[in-house]
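Here are the chains, one letter per residue:
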Amino acid sequence: MSNNETAAILGGPRAVTLDGSAGNRWPLITEEEEQSVLAVLRDGDLSLHQATRELEDDYRDFFGIRHTLAHCNGTAALLAAFFGVGLKPGDEVLVPSATHWASVVPMLWVGAIPVFCESELDRLGIDPADAETKITSRTRAIVIVHLWGMPSKMTELLQLAKKYDLKVIEDASHAPGATWCGRKCGTLGDVSVFSLQTSKLAPAGEGGMLLTDDDEIYERAICLGDVMRIIELPGPAQRIAATSFGMKTRMAPLSAAVARIQLKHLDRRNEKRNRNLTYLSEELEKLGFQTFLPPPHINRVYFEFLIRYCPESSELSIDGLVEALTAEGCEISYPRYPLLHQQPLFTEGLFAEIGPFAAMDKTKLPRYLPNALPKTEKANGDLIRLPTFPFAEMPLLRQYVDAAQKVMNQSHQIGLTRANALA
Ligand SMILES: Cc1ncc(COP(=O)(O)O)c(C=O)c1O
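Rules behind the numbers
Residues numbered from 1 in each chain as written. Predicted model: local features only at pLDDT ≥ 70, side-chain atom pairs only at ≥ 80, totals over all residues. Heavy atoms only, no water. Helix = DSSP H or I, 4+ residues; strand = E, 2+ residues; numbered from the N terminus. Rg over C-alpha atoms; globule rule 2.2 N^0.38 Å. Buried < 20%, exposed > 50% of the residue type's maximum accessible area, 1.4 Å probe, protein only. Domains from an automatic or database assignment. Contact = heavy atoms within 4.5 Å. Buried area = accessible area lost by both parts, 1.4 Å probe. Polar contact = N/O pair within 3.5 Å; in protein donor to acceptor, adjacent residues only side chain to side chain. 1 Å grid on protein atoms, 1.4 Å probe; cavity = no way out; pocket = protein on both sides within 12 Å on 5 of 7 lines; lining within 4 Å. Points joined across faces, edges and corners; volume = space filled by probe spheres on them. Nonpolar A, V, L, I, M, F, W, Y, C, P; charged D, E, K, R; others polar. Pairing = 2+ DSSP bridges. Axes fitted to C-alpha atoms, helices over the stretch in contact; angles between N-to-C directions. Parallel < 35°, antiparallel > 145°, perpendicular 65-115°, else oblique. Left-handed = near helix turned anticlockwise from the far one by under 90°. Phe/Tyr/Trp six-rings, centres within 6.5 Å; stacked < 30°, edge-to-face > 60°. Lys NZ or Arg CZ within 6 Å of the ring centre and 35° of its normal.

1. Observations regarding the overall build of the chain
No. 1: A count of helical and extended segments in the chain gives 14 helices and 12 strands.
No. 2: A globule of 423 residues ought to have a C-alpha radius of gyration of about 22 Å, and the chain, at 23 Å, matches this closely.
No. 3: Once the C-alpha set of the chain is aligned to its principal axes, its extents read approximately 75 × 55 × 35 Å.
No. 4: The buried share of the chain, taken over its 423 residues, is 56%.

2. With respect to the domain arrangement of the chain
Often the size quoted for an interface is simply the accessible area lost on bringing the parts together.
No. 1: Along its sequence, the chain is carved into domain 1 (2-27 + 266-335 + 379-422) and domain 2 (31-261).
No. 2: Using C-alpha coordinates to define each centre, domain 1 is positioned 32 Å away from domain 2.
No. 3: Listed per partner, the contact involves 24 residues of domain 1 and 25 residues of domain 2.
No. 4: Taking both partners together, domain 1 and domain 2 bury about 2100 Å²; carbon and sulfur atoms supply 66% of that area.
No. 5: On the domain 1 side of the contact with domain 2, Leu266, His297 and Phe303 bury the most area, a combined 31% of that side's loss.
No. 6: One can count 9 residue pairs in polar contact (both at pLDDT 80 or more) joining domain 1 with domain 2.
No. 7: Of all the secondary structure elements, the ones that give two or more residues to the side of domain 1 that touches domain 2 are helix H8 (253-286), strand E10 (298-299), strand E11 (305-308) and helix H12 (374-381).
No. 8: Top contributing element to the side of domain 1 that touches domain 2 by residue count: H8, with 4 residues.

3. Some details on empty space enclosed by the protein
No. 1: Following the criterion strictly, the structure yields 3 cavities of 30 Å³ or more and no others.
No. 2: As for the largest cavity, its lining consists of Leu280, Leu284, Phe289, Ile307, Leu325, Cys330, Ile384, Leu386, Tyr400 and Ala404.
No. 3: Of the residues that constitute the lining of the largest cavity, the class distribution is 10 nonpolar, no polar and no charged.
No. 4: Within this model, the second largest cavity holds a volume of roughly 60 Å³.
No. 5: Along the walls of the second largest cavity sit Ala98, Ser119, Leu124, Leu147, Trp148, Thr376, Ala379, Asn380 and Leu383, which together make up its complete lining.
No. 6: Residue contributions to the lining of the second largest cavity peak at 3 residues, all from H12.
No. 7: Partitioning the lining of the second largest cavity into residue classes produces 6 nonpolar, 3 polar and no charged.

4. Details of the sheet that holds E10
No. 1: Judged by pairing direction, the sheet is antiparallel, and its 3 strands sit side by side in the order E7-E6-E10 without closing on themselves. Looking at strand neighbours, the two that pair on one side only are strand E7 (183-184) and E10, the edges of this open sheet.

5. Some details on the packing of helix H3 (residues 74-84) against helix H6 (residues 215-225)
No. 1: The geometry of H3 relative to H6 is characterised by a closest axis approach of 8 Å and an angle of 125 degrees between their N-to-C directions. Considering the angle they form, H3 stands oblique to H6. Regarding H3 and H6, the two cross each other, and that crossing is right-handed. Two secondary-structure elements touch here, H3 through Leu79, Ala80, Phe83 and Gly84 and H6 through Ile217, Arg220, Ala221 and Leu224.

6. Observations concerning the sheet that holds strand E8 (residues 191-195)
No. 1: Spatially, E1-E9-E8-E5-E4-E2-E3 is the arrangement adopted by the 7 strands of the open sheet, whose pairing is mixed. With partners counted over all chains shown, the strands left at the sheet margins are strand E1 (67-71) and strand E3 (113-117), one partner each. Mean inter-strand twist for the sheet, computed between neighbouring axes without regard to direction, equals 20 degrees.
No. 2: Across 5 bridges, strand E2 (residues 92-96) lies against E3 in parallel orientation. Bridge pairing links Val95 to Phe116 in E3.
No. 3: Contacts between H3 and the sheet are confined to E1, strand E4 (139-145), strand E5 (167-171), E8 and strand E9 (208-212), with E8 contributing the most and set at about 170 degrees to the helix.
No. 4: Packing of helix H5 (residues 154-163) onto the sheet brings it into contact with E4 and E5, and relative to E4 it is tilted by some 165 degrees.

7. As for the side chain of Thr179
No. 1: Summarising the element assignment, Thr179 is placed in strand E6 (residues 179-180).
No. 2: Those residues in contact with Thr179 that sit more than four places away from it in its chain are Pro151, Lys184, Cys185, His297, Ile298 and Asn299.

8. Observations concerning the packing of helix H9 (residues 318-327) against helix H13 (residues 394-409)
No. 1: Put simply, H9 and H13 touch, their axes get as near as 10 Å, and they point 135 degrees apart. One way to sum up the angle between H9 and H13 is to call them oblique. As for the relative orientation of H9 and H13, their crossing is right-handed in sense. From H9, Leu321, Ala324 and Leu325 reach across to H13, where they touch Ala403, Ala404, Val407 and Met408.
No. 2: A breakdown of the residues in the contact of H9 with H13 according to their chemical character gives 7 nonpolar, no polar and no charged.

9. Thoughts on the packing of aromatic side chains
No. 1: Within this structure, the stated rule accounts for 17 aromatic pairs.
No. 2: When the centroid spacing of 5.7 Å and the interplanar angle of 15 degrees are considered together, the rings of Tyr59 and Phe63 count as stacked. Within this pair, Tyr59 and its partner Phe63 are both found in helix H2 (residues 51-63), separated by 4 residues, close to a single helical turn.
No. 3: Assessed through its relative accessible area of 7%, Phe63 is described here as buried.
No. 4: Taken together, the ring pairs connect Phe116, Phe346, Phe351, Phe357 and Tyr368 into an aromatic cluster.
No. 5: The ring of Tyr302 has Arg300 sitting right over it, with the charged end atom 3.8 Å from the ring centre.

Below, the structure is given as structure tokens:
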């Protein structure tokens with residue numbers, strides 16, 4: 001058993017000897033996608049081919065939602081969602097800081113003001129309790145991101161939204177196929193968005209999808225960026241059919257051709273990845289890691305596999321752990337999103353250069369402080385990232401468990417050796 005051997009960082013053999021490249025390959029593109037793309041190419045209409053509408057139909061069926069609108073990427077779909085719910089200059093929106101920049105930044109183009117909130121430790125979503133303390137008379141909406149594929153605390157967040165009459169914008173980019181109380185993520189708010197960028201669970205390459213049951217949000221999203229479809233809308237919206245509101249956000253049909261196949265395989269591929277990561281999580285929990293296994297009312301998915309290590313209870317720092325697991329042959333790294341409230345766009349007030357803010361009274365603009373979210377900062381600092389093993393088989397997973405067991409069993413010795421080397 002390799003977990004009885006000396007840790008690789010202390011001179012022993014590596015625990016992970018199997019090649020992980022096939023088991024961790026993502027996305028998987030097969031002949032099915034090739035045929036789907038070729039069919040569009042041969043038809044020749046690379047702008048308005050029906051593949052895009054067919055993808056929207058697929059999403060409508062998969063999510064059981066009234067409207068879907070394909071976009072060129074998730075960022076554009078988020079802009080459409082912020083415009084769609086009618087945010088106006090000066091409106092405040094509760095947002096997490098620990099997320100991809102596009103969950104938040106596009107709202108600046110409609111003049112909405114992000115109010116950064118702490119993330120909670122159980123699921124890494126926006127913290128409902130902290131969010132409530134940040135509500136003012138100008139708060140209009142909340143952005144909920146199901147980070148890494150784990151549904152946020154929806155019971156509390158939906159109650160909060162109801163209590164203060166907030167629009168709910170769900171950025172479900174990490175969570176296609178996840179459910180909360182039997183309902184699919186992406187159908188829980190007023191409007192939701194999926195990024196279909198290459199690394200996502202059902203990618204298009206570049207693409208985004210907006211979902212809503214609300215006719216007005218759907219119509220506003222079309223009026224913002226899909227000029228050719230405005231004419232199809234009922235009522236007065238048609239009078240801007242010649243111009244739109246000035247964006248062009250539609251999806252390329254070649255991307256739609258890829259995304260149709262990916263959506264078809266989503267649930268099955270999620271299942272395999274979930275099986276692998278549930279096994280790994282259960283083993284890692286025994287060693288003291290927090291792995292974000294979901295409670296019974298949640299079916300999570302894994303856009304990425306993040307786990308928490310609490311170095312307070314060990315001589316081995318998080319950097320030491322990463323070094324030791326890397327020496328064992330594990331692919332391991334840190335979370336990749338820098339906290340948004342600490343970025344110069346906010347801390348240096350650079351956002352004031354964006355359209356609607358230029359006309360606002362500068363003294364009334366918010367000031368963003370880098371130390372404003374200590375809980376989020378701390379929580380983010382304890383996380384490490386492993387592969388998601390979409391197609392891996394048990395022998396590779398067992399080797400990762402062996403590696404973690406070896407390192408944790410010898411953490412004292414590894415910590416001391418590192419401390420001496422660094423002294
Ligand atoms: C949570 C989240 N929201 C939004 C986006 C932006 O989507 P896109 O890259 O398709 O513009 C991404 C990432 O790509 C994301 O991870």
